[in-house]
Each structure stands twice: as C-alpha cells, then as structure tokens.
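Observations on chain architecture
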Amino acid sequence: MTTPADAALLARLDSQRQHVLGIVEGLDNEAMEKRVLPSGWSITAMLHHLALDDERFWFGGTVAGDRAVIDWVGSGGDGWDVPPHLTGSQARALYEDACERSNAILLATSFDAAPRWWPDELFGDYRLATVRDVVLHMLIETATHAGHLDAARELIDGRQWLIFE
C-alpha cells in the first residue's frame, strides 16, 4: 500500500507516461519508423526501449525481482534492439502493457522497500536504495524520453505537445 505522498509520485510518473503516449498519438506506422534525429532512433524504437529497458527492467527486474527479466538482462537483452517486424502501433501497445504491469507491481510494494534485485555488473557502486528511489529515477527517465519524443514529433509533422505563450 502506498502513502499519499507515494501515490502523488506515482501520479506524476503516470502523467509523464501519458505525455509519451500523447505525443505519438495519431502517427501512423510509417511516421513512427522515421529516423529524424542524428542519433538515428525511431519513435517505434523509443517506445520499445521505454517498455523493456525502463518499465520492465526497473519495475519488473529491480523492484519485483522477476527471474525472466533478470535472465534477459544477463543474456545481453537490449530494448534498443528492435525486432524488424515490430510496428509502431505494436510498440505503443507493448509500452502501455509494460506501464500497467509496472503499476501493478508498485501498488503491491512498499516504496520504502529495497529493490529485490540489483545489477551490480551494470552499475558498479551506483545503487538506488528504495523502491521510491527507483520511481523517482523512472519519473526523470520517462520525462527525459518524453522530451526526446517531442523533438522527433515536431520534426515529423510540426506537432508540439504543450506550448504556453
């Protein structure tokens, strides 16, 4: 069970997830495959990354200790390695499902608890001490990638997410 402060934190994370989904709304699969930034990723690739390397890794792996996620990471799993057949709409659905699974994990976990698994081989001495720390990390990660998606969307068709004048 979460405290009111933790519920507010989760609501902010959900708000950033909605930003991600909102900025890609209305794009067809062809537009979602465009690579418009010098780094070369597509919106499909970003959604795949957010689903696997962020939602699944941080909440399924570190918070819940899901063996399938741990094994995937150990075998070199990489959310930027997008299957060639994956469409933009499928990547969006994958991300939405990952967010739902993450929320179920978080609603059943104390934010004061320590992560159940930590990938020392990836991070060395760096460590997040509590589930709350993981949620804060994910809030920042999701907001950062929402900004990346804002830039890509504007280059694709000129659409901007929120502009205050």
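Residues numbered from 1 in each chain as written. Predicted model: local features only at pLDDT ≥ 70, side-chain atom pairs only at ≥ 80, totals over all residues. Heavy atoms only, no water.

A short note on the packing of helix α3 (residues 43-63) against helix α7 (residues 131-157)
Here α3 crosses α7 at 180°, and the two axes come no closer than 11 Å. For the element pair α3 / α7, the angle class is roughly antiparallel. Across the interface between the two elements, Ile-43, Met-46, His-49, Leu-50, Asp-54, Glu-55, Trp-58, Phe-59, Thr-62 and Val-63 from α3 touch Val-131, Val-134, Val-135, His-137, Met-138, Glu-141, Thr-142, His-145, His-148, Leu-149, Ala-152 and Ile-156 from α7. (Axes fitted to C-alpha atoms, helices over the stretch in contact; angles between N-to-C directions. Helix = DSSP H or I, 4+ residues; strand = E, 2+ residues; numbered from the N terminus. Parallel < 35°, antiparallel > 145°, perpendicular 65-115°, else oblique. Contact = heavy atoms within 4.5 Å.)

Some details on empty space enclosed by the protein
Counted under the stated rule, the structure contains one cavity of 30 Å³ or more. If you add up the space inside the largest cavity, you get close to 30 Å³. Lining the largest cavity are Lys-34, Arg-35, Val-36, Leu-37, Trp-41, Ile-43, Ala-152 and Ile-156. When the residues that make up the lining of the largest cavity are grouped by side-chain class, the tally is six nonpolar, no polar and two charged. (1 Å grid on protein atoms, 1.4 Å probe; cavity = no way out; pocket = protein on both sides within 12 Å on 5 of 7 lines; lining within 4 Å. Points joined across faces, edges and corners; volume = space filled by probe spheres on them. Nonpolar A, V, L, I, M, F, W, Y, C, P; charged D, E, K, R; others polar.)

Comments concerning the confidence of the model for the protein
The share of residues in the protein with pLDDT of 70 or more is 98%, and the mean pLDDT across the chain is 95. Mean pLDDT across the elements of the protein ranges from a minimum in helix α6 (residues 120-123), with 86, to a maximum in α3, with 98. (pLDDT = per-residue confidence, 0-100.)

Details of the packing of α3 against helix α4 (residues 67-74)
Contact geometry for α3 and α4: axes closest at 9 Å, N-to-C directions at 130°. With respect to α4, the element α3 is oriented oblique. Our pair here, α3 against α4, has a crossing hand that is left-handed. Side by side, α3 and α4 meet where Leu-52, Asp-53, Arg-56, Phe-57, Gly-60 and Gly-61 of the first sit next to Ala-68, Val-69, Trp-72 and Val-73 of the second. The residue inventory of the contact of α3 with α4, partitioned by class, reads six nonpolar, two polar and two charged. (Left-handed = near helix turned anticlockwise from the far one by under 90°.)

Side note on α4
Owing to its 3.6 residues per turn, the α-helix aligns residues three or four sequence positions apart on the same side. The complete set of buried residues in α4 reads Val-69, Ile-70 and Val-73. Angularly, the buried residues of α4 cover 100° about the axis, an arc narrow enough to put them on a single face. Exposed side of α4, more than 90 degrees from the buried face: Arg-67 and Gly-74 are the residues found there. Residues of α4 that are buried in the fold lie against α3 and α6. (Buried < 20%, exposed > 50% of the residue type's maximum accessible area, 1.4 Å probe, protein only. Arc of directions from axis to C-beta.)

Overview of the packing of aromatic side chains
Considering all chains together, one arrives at eight aromatic pairs under this definition. Where Phe-57 meets Phe-123, the ring centres are 6.3 Å apart and the plane angle is 75°; that geometry is what we call edge-to-face. Of this pair, Phe-57 sits in helix α3 while Phe-123 sits in helix α6, and the two are 66 residues apart along the sequence. The class for Phe-57 is buried, based on a relative accessible area of 7%. Taken together, a centroid distance of 6.2 Å and an interplanar angle of 50° make the contact between Trp-118 and Tyr-126 tilted. (Phe/Tyr/Trp six-rings, centres within 6.5 Å; stacked < 30°, edge-to-face > 60°.)

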